[in-house]
Amino acid sequence: CSRWEEEKKEGGVKWMQLEHRGPYFVPLYEPLPEDVQFYYDGKPLKLSLATEEIATFYAKMLDHEYTTKEIFQNNFFHDWRKEMTSEEQEIIKDLDKCDFREIHKYFVDKNEARKALPKEEKQKLKEEADKIQEEYGYCILDGHREKIGNFKTEPPGLFRGRGEHPKMGMLKKRIMPEDVIINCSRDSKIPEPPEGHRWKEVRFDNTVTWLASWTENIQNTLKYIMLNPSSKLKGEKDWEKYELARRLKDVVHTIRAQYRKDWKSKVIKKRQRAVALYFIDKLALRAGNEKEEGETADTVGCCSLRVEHIQLHLQLDGQEHVVEFDFLGKDSIRYYNKVSVEKPVFKNLQLFMKNKDPTDDLFDQLTTSFLNKHLQHLMDGLTAKVFRTYNASITLQEQLKALTNPEDNVAGKLLSYNRANRAVAILCNHQRSIPKTFARSMQVLQEKIDAKKEQVEEAQEEVKKAEDEFKDTKDAKAEANVEKKKKLLKRLEEQLAKLNVQATDKEENKQIALGTSKLNYLDPRISVAWCKKFGIPIERIYNKTQREKFAWAIDMAGEDFEF
DNA sequence: TGACTCGACTCAGAAACCTCCCA
DNA sequence: GTGGGAGGTTTCTGAGTCGAGTC
């Protein structure tokens, strides 16, 4: 417990001591065997090492949808040609004439060979990986040994953006020690760069939490090596995030009253802010910063919504003032929703859309920084994203209260928990692609249910038969038989009910990802309290990793915790 | 002052990996 | 006993948010 109670540092200082080994560099490229060939225009062509390496990146992805996309192909070919020797550039002028299939097969086979390795060999590989983890995977921070999140540099490869990313297929370069900035404490054992190399820089900045960083060549942004969520540093931050969201609970009613008032403001900018805030609050939309056009996929959040992303319906499906949202959000995940809104919101939207093109900004006078400045003024530390955390957590708490039946068994209570979790995932629009195996496994489950139903029917008849026999004979043996058959029937019925629950759960979950909300939006103390209150073992809710991440909450929360 | 850029951090789903169960 | 497949877990790294600095 004391771990969470050490005093807080001042002035943006994050640590007093930080010692680590630096990043683990992924192995260098291993050339292809002589007999694995690249073909150009039907003829084998021996490539230079650098060209060959990049060719393998593409070859490995051959059966991925990415390689069928024109942008991906063009970006790849452009970047590949840049790395070729002039002789190669002279020959390789058309991607369509490049045949990577033999290289592709080589990697597929290699993968299978690795999977088929005897147990002892696999064990040996595992031990080697564990050794690397042991050596590079931990650091010392203020006297505690802490797990690092990502201690390996990212291997070179082809950039895979999400959605229609204009940079997909570009070459992501290999990270060398010369690219890496090390951050540690001055008096610690400074990590040694790999033999024959040096670091770009070693700095001693204890106002940041990262251990190492480098600049990535696709978007020219920084990448960091940071601590694992189980660390004290991250745990404390997480706790602060939820405490901030809890503070919103006290003022949210005032804020709601305020934005309702602002819907009628004479200043359009204020009205836009008030309508946007209504969406952020009611629909848990993200803030929506502007992004540089052509540099990333075309996605939006609340403030960056365009006219083309909403449709207004005075009447729809028996509801009034319906706004139909259809846009791509973070990670190009589609947000589609039809929402009945309050009349002034509807009227304002009509006004904001007047005389605009579909591609014009809906909130043309609004920026996230203007919105956040306003929020800061309403509550210390308040920003747009706090609403997501707040609404997610409060929804979980309310749903748990509404759905949990104390009479249920553990399985039934867990189903209620999942349903509450799911309500949040739907609110936050956390989606996943439907698992490839979904239809099949659903069918298997349905067959099981059908079989079980038959068994139940049979058992019912057996019971009846036994009862009839008892009526005739009135003997003790027949009576015992009735009891036996009834018991069997009951067991089968329970099994059937369980299968039905499973099927419902599965169906309702097929396109919903529960993990993101569980990990990032739901105050874990709500779940811990719920477990304690209903006698559910915490392991049924959180797996090992999650328990490590939420150690602070498991420590702190009692059964009467209220968000 | 405010638009723009940059740095540091959280949040995101896909894919790889692992485990356990059932035929 | 075993092999494979389903489902859970872990890893990976891209995509956001937001504050601060700059001009």
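Quick caveat, the model's predicted, so the values are computed rather than measured.

Visitor: How would you summarise the pairing of strand β15 (residues 334–340) if you had to cite specific residues and measurements?
Guide: Note that strand β14 (residues 319–328) and β15 share 7 bridges and pair antiparallel. Looking at β15, one finds that Val323 is bridged to Val339. Taken together, β14 and the strand that follows it, β15, pair antiparallel across an intervening segment of 5 residues, in which Asp331 is found at a positive phi of about 60 degrees.

Visitor: Residue-level account of the domain arrangement of chain A, with values.
Guide: Taken as a whole, chain A is organised into domain 1 (2–26 + 122–225), domain 2 (39–119), domain 3 (234–382) and domain 4 (392–556). Here the C-alpha centre of domain 4 lies 48 Å away from the C-alpha centre of domain 2.

Visitor: Break down the packing of helix α1 (residues 49–60) against helix α4 (residues 101–115) for me, citing the residues and quoting the values.
Guide: The N-to-C vectors of α1 and α4 enclose an angle of 70 degrees; their axes lie 8 Å apart at closest approach. The orientation of α1 relative to α4 falls into the category roughly perpendicular. In this structure, α1 uses Thr56, Ala59 and Lys60 to contact α4, whose residues at the interface are Ile103, His104 and Phe107. Its residues assigned to classes, the contact of α1 with α4 shows 3 nonpolar, 2 polar and 1 charged.

Visitor: A description of the pairing of strand β13 (residues 310–316) should follow, citing residues and the corresponding values.
Guide: Working note: regular strand, side chains alternate between the two faces of the sheet. Sheet analysis places β13 next to β14, joined by 6 bridges and oriented antiparallel. Each bridged residue has a counterpart across the sheet, and for Gln311 the counterpart in β14 is Glu324. Taking the residues that link successive antiparallel strands as the turn, the β13-β14 hairpin has 2 residues, and the phi of Asp317 there is positive, at about 45 degrees.

Visitor: So what's going on with α1? Residues and values would help.
Guide: Counted at 1.5 Å a residue, the expected span for α1 with its 12 residues is 16 Å, and the 16 Å between its end C-alpha atoms agrees. Of all the 12 residues making up α1, 9 are buried; the element is thus mostly covered by neighbouring parts of the structure. Within the span of α1, buried status applies to Thr51, Glu52, Glu53, Ile54, Ala55, Thr56, Phe57, Tyr58 and Ala59. On the buried face of α1, the contacting elements are α2 (70–83), α3 (86–91), α4, β7 (157–158) and β8 (171–172).

Visitor: Please give an account of a negative patch on the surface that cites residues and values.
Guide: A cluster of like negative charges, contributed by Glu447, Asp450, Glu454, Glu457, Glu458 and Glu461, occupies part of the molecular surface. Tracing the chain through its elements places Glu458 in helix α12 (residues 438–473).

Visitor: Give a description of the sheet that holds strand β6 (residues 144–147) that names residues and reports values.
Guide: Spatially, the 3 strands line up as an open sheet ordered β1-β5-β6, and their pairing is antiparallel. At either margin of the open sheet sits one strand with a lone partner, and together these are β1 (18–19) and β6. Both strand β5 (residues 138–141) and β6 contribute to a ladder of 4 bridges, which runs antiparallel. Looking at the pairing, Tyr138 lines up with Lys147 of β6.

Visitor: So what's going on with a nonpolar patch on the surface? Residues and values would help.
Guide: Nonpolar side chains collect at one region of the surface, where Ile190, Val202 and Phe204 lie side by side and expose about 200 Å² of accessible area between them. As for its placement among the helices and strands, Ile190 is situated in the loop between β9 (181–183) and β10 (201–203). Exposure remark for Ile190: the relative accessible area of 34% places this residue in the partly exposed category.

Visitor: Let's hear about the pattern of salt bridges: which residues, and what values?
Guide: Applying the stated criterion across every chain, the model contains 33 salt bridges. We note a salt bridge from Arg101 to Asp99, for which the minimum N-O separation is 3.1 Å. Between Lys241 and Asp238 there is a salt bridge, and its shortest N-O distance comes to 3.4 Å. Of the two residues, Lys241 and Asp238 both sit in helix α6 (residues 232–262), 3 residues apart, roughly one turn of that helix. For Lys241, a relative accessible area of 22% corresponds to the partly exposed category. Through salt bridges with shared partners, a single network forms among Glu243, Arg246, Asp523 and Arg525.

What counts and what doesn't
Residues numbered from 1 in each chain as written. Chains lettered and ligands numbered in written order. Predicted model: local features only at pLDDT ≥ 70, side-chain atom pairs only at ≥ 80, totals over all residues. Heavy atoms only, no water. Pairing = 2+ DSSP bridges. Helix = DSSP H or I, 4+ residues; strand = E, 2+ residues; numbered from the N terminus. Domains from an automatic or database assignment. Axes fitted to C-alpha atoms, helices over the stretch in contact; angles between N-to-C directions. Parallel < 35°, antiparallel > 145°, perpendicular 65-115°, else oblique. Contact = heavy atoms within 4.5 Å. Nonpolar A, V, L, I, M, F, W, Y, C, P; charged D, E, K, R; others polar. Expected span 1.5 Å × (residues − 1). Buried < 20%, exposed > 50% of the residue type's maximum accessible area, 1.4 Å probe, protein only. Patch = residues over 30% accessible without salt bridge, like charges linked within 9 Å, V, L, I, M, F, W, Y side chains within 5 Å. Areas by Shrake-Rupley, 256 points an atom, 1.4 Å probe, with all protein chains shown as cover. Salt bridge = Lys/Arg side-chain N within 4 Å of Asp/Glu carboxyl O. Lys, Arg positive; Asp, Glu negative; His and termini not counted. Charge placed at Lys NZ, Arg CZ, Asp CG, Glu CD.

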